[in-house]
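Residue-level listing of the chains:
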Amino acid sequence: ANPVLAELLSRIMRQEGRHIDFYASQSEQRLSQSAKARKLTRWGLDKFWTPVGSDIMPSGETQHLASYLLGGEDGLQVARRIDGRVDRLPGLEGLGLLERARQKLALNG
């Protein structure tokens, strides 16, 4: 309801969208050029990826934030949408990073 806050958040969302587009295009380009990069990236994501901050935040805070962002049926759809973007990158099909994170945090939906 706060117009100043709404405008600020809108600007942040646009900026983050540009970041996502940049990283996605760089990932597409670099992964498509190197089988070694695809293999190493897939291995690293599969073995070591965790949601940002989850390794330094208290587990209760991680659980609360994950429940808010990824809980329930709506959260499942968000997780699947993000996983789908990762799936489109060369060599990263089927990792299911967000769906696995939801399962680890026992989020239902």
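Note: the structure precedes this text.
Residues numbered from 1 in each chain as written. Predicted model: local features only at pLDDT ≥ 70, side-chain atom pairs only at ≥ 80, totals over all residues. Heavy atoms only, no water.

> What should I look at first to understand the nonpolar core in this one?
Within soluble globular proteins, side chains that are nonpolar tend to cluster in buried spots. Core analysis: the largest hydrophobic core is formed by 12 residues, namely Leu 31, Ala 66, Leu 70, Ala 79, Val 86, Leu 89, Leu 92, Leu 95, Leu 97, Leu 98, Leu 105 and Leu 107. Listing elements by their share of this core, those giving two or more residues are helix 3 (59-70), helix 4 (72-87) and helix 5 (97-104). Leu 98 has contacts with Trp 49, Leu 70, Ala 79, Ile 82 and Asp 83, leaving out every residue within four places of it along the chain. (Core = buried A, V, L, I, M, F, W, Y, C linked by side-chain atoms within 4.5 Å. Buried < 20%, exposed > 50% of the residue type's maximum accessible area, 1.4 Å probe, protein only. Helix = DSSP H or I, 4+ residues; strand = E, 2+ residues; numbered from the N terminus. Contact = heavy atoms within 4.5 Å.)

> Explain a nonpolar patch on the surface to me, please; I cannot follow it from the model alone.
Taken together, the side chains of Leu 5, Leu 8, Leu 9 and Ile 12 define a hydrophobic patch exposed on the protein surface, amounting to about 350 Å² of accessible area. Position of Leu 9 among the secondary structure elements: in helix 1 (residues 3-33). Looking at Leu 9, the relative accessible area reads 42%, which means it is partly exposed. (Patch = residues over 30% accessible without salt bridge, like charges linked within 9 Å, V, L, I, M, F, W, Y side chains within 5 Å. Areas by Shrake-Rupley, 256 points an atom, 1.4 Å probe, with all protein chains shown as cover. Salt bridge = Lys/Arg side-chain N within 4 Å of Asp/Glu carboxyl O.)

> What am I meant to see in the pattern of salt bridges here?
Two side chains carrying opposite charge are able to pair once their charged atoms lie near each other. Taken as a whole and judged by the stated rule, the model has five salt bridges. Two residues, Arg 14 and Glu 7, come together in a salt bridge whose shortest N-O distance is 3.9 Å. Taking relative accessible area as the criterion, Arg 14 reaches 42% and is therefore assigned partly exposed. Using a relative accessible area of 37% as the deciding quantity, one classes Glu 7 as partly exposed. We note a salt bridge from Asp 46 to Lys 47, for which the minimum N-O separation is 4.0 Å. According to the relative accessible area criterion, Asp 46 is partly exposed, its value standing at 32%. Salt bridges here are not isolated pairs; linked through shared partners, they connect Glu 7, Arg 11 and Arg 14.

> I'm lost on helix 5 in this one. Help?
Because each turn of an α-helix spans 3.6 residues, side chains separated by three or four positions end up pointing in the same direction. Those residues of helix 5 that fall on the buried side of the exposure criterion are Leu 97, Leu 98, Ala 101 and Arg 102. Angularly, the buried residues of helix 5 cover 135 degrees about the axis, an arc narrow enough to put them on a single face. Opposite its buried face, helix 5 presents the exposed residues Gln 103 and Lys 104, each directed more than 90 degrees away. Of the surrounding elements, those touching the buried residues of helix 5 are helix 2 (35-48), helix 3 and helix 4. At the C-terminal side of helix 5, Ala 106 shows a positive phi close to 55 degrees. (Arc of directions from axis to C-beta.)

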